[in-house]
Amino acid sequence: MYFTYFAVTSIIIVMQVGLLAAYLLMLKEKSRPTLYLGISFLNLVIFLSGYIFAYTSLSPLGAYHRVITVLFVLPSLGYFAIFMHAFPEVYFRKEYN
């Protein structure tokens, strides 16, 4: 196991997206779109961790990072689509028209 520039940048991105997901999921009074965006970021953390596994492994097992990336990118995209659908929530209907 060794760290390349690709592995280090992937670790940095995973830490940033993980902090974003933790922040969004730990809010006390979060709305539905915030919950969906937090779950999407949490799935992205697992998705991007597959790339860390691929960049740091020297064995042929490193090719199996595809299983992790394919399995977790689809739920992430799904929750992001739900977030985009639920985001423009109208709170003040009188001022909206």
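Up top is the structure these notes are about.
Below: a short report on this structure. (Residues numbered from 1 in each chain as written. Predicted model: local features only at pLDDT ≥ 70, side-chain atom pairs only at ≥ 80, totals over all residues. Heavy atoms only, no water.)

Along the backbone of the protein chain there are 4 helices and 0 strands. Counted from the first residue to the last, the protein chain has its helices and strands arranged as α-α-α-α. Relative to a compact globule of 97 residues, whose C-alpha radius of gyration would be 13 Å, the protein chain shows 17 Å and is clearly more extended. Its C-alpha atoms give the protein chain principal-axis dimensions of roughly 60 × 20 × 20 Å. Counting every position in the protein chain, which comprises 97 residues, the buried fraction comes to 26%. In the protein chain, the share of contacts with a sequence separation of at least 24, taken over all contacts with a separation of at least 6, comes to 63%. (Helix = DSSP H or I, 4+ residues; strand = E, 2+ residues; numbered from the N terminus. Rg over C-alpha atoms; globule rule 2.2 N^0.38 Å. Buried < 20%, exposed > 50% of the residue type's maximum accessible area, 1.4 Å probe, protein only. Contact = heavy atoms within 4.5 Å.)

Now for the packing of helix H1 (residues 5-25) against helix H2 (residues 32-56). Taken N-terminus to C-terminus, the directions of H1 and H2 make an angle of 160 degrees; their axes are 8 Å apart at the nearest point. By the angle between their axes, H1 is roughly antiparallel relative to H2. As for how H1 packs across H2, the hand of that crossing is left-handed. Partitioning the contact of H1 with H2 into residue classes produces 21 nonpolar, 6 polar and no charged. (Axes fitted to C-alpha atoms, helices over the stretch in contact; angles between N-to-C directions. Parallel < 35°, antiparallel > 145°, perpendicular 65-115°, else oblique. Left-handed = near helix turned anticlockwise from the far one by under 90°. Nonpolar A, V, L, I, M, F, W, Y, C, P; charged D, E, K, R; others polar.)

For the rest of this paragraph, the subject is the side chain of Ser76. By the secondary structure assignment, Ser76 is in helix H3 (residues 65-86). Given the relative accessible area of 4%, Ser76 is considered buried. Leaving out residues up to four positions away in the same chain, Ser76 has contacts with Ser40, Asn43 and Leu44.

A few words now on the packing of H2 against H3. A pair of packed helices can be characterised by two numbers: the angle between their axes and the separation between those axes. For the pair H2 and H3, the least separation of the axes is 8 Å and the interaxial angle reads 160 degrees. Of the possible angle classes, the one that applies to H2 and H3 is roughly antiparallel. In the crossing of H2 with H3, the sense of the turn from one axis to the other is left-handed. Across the contact of H2 with H3, the residue classes tally to 19 nonpolar, 6 polar and 1 charged.

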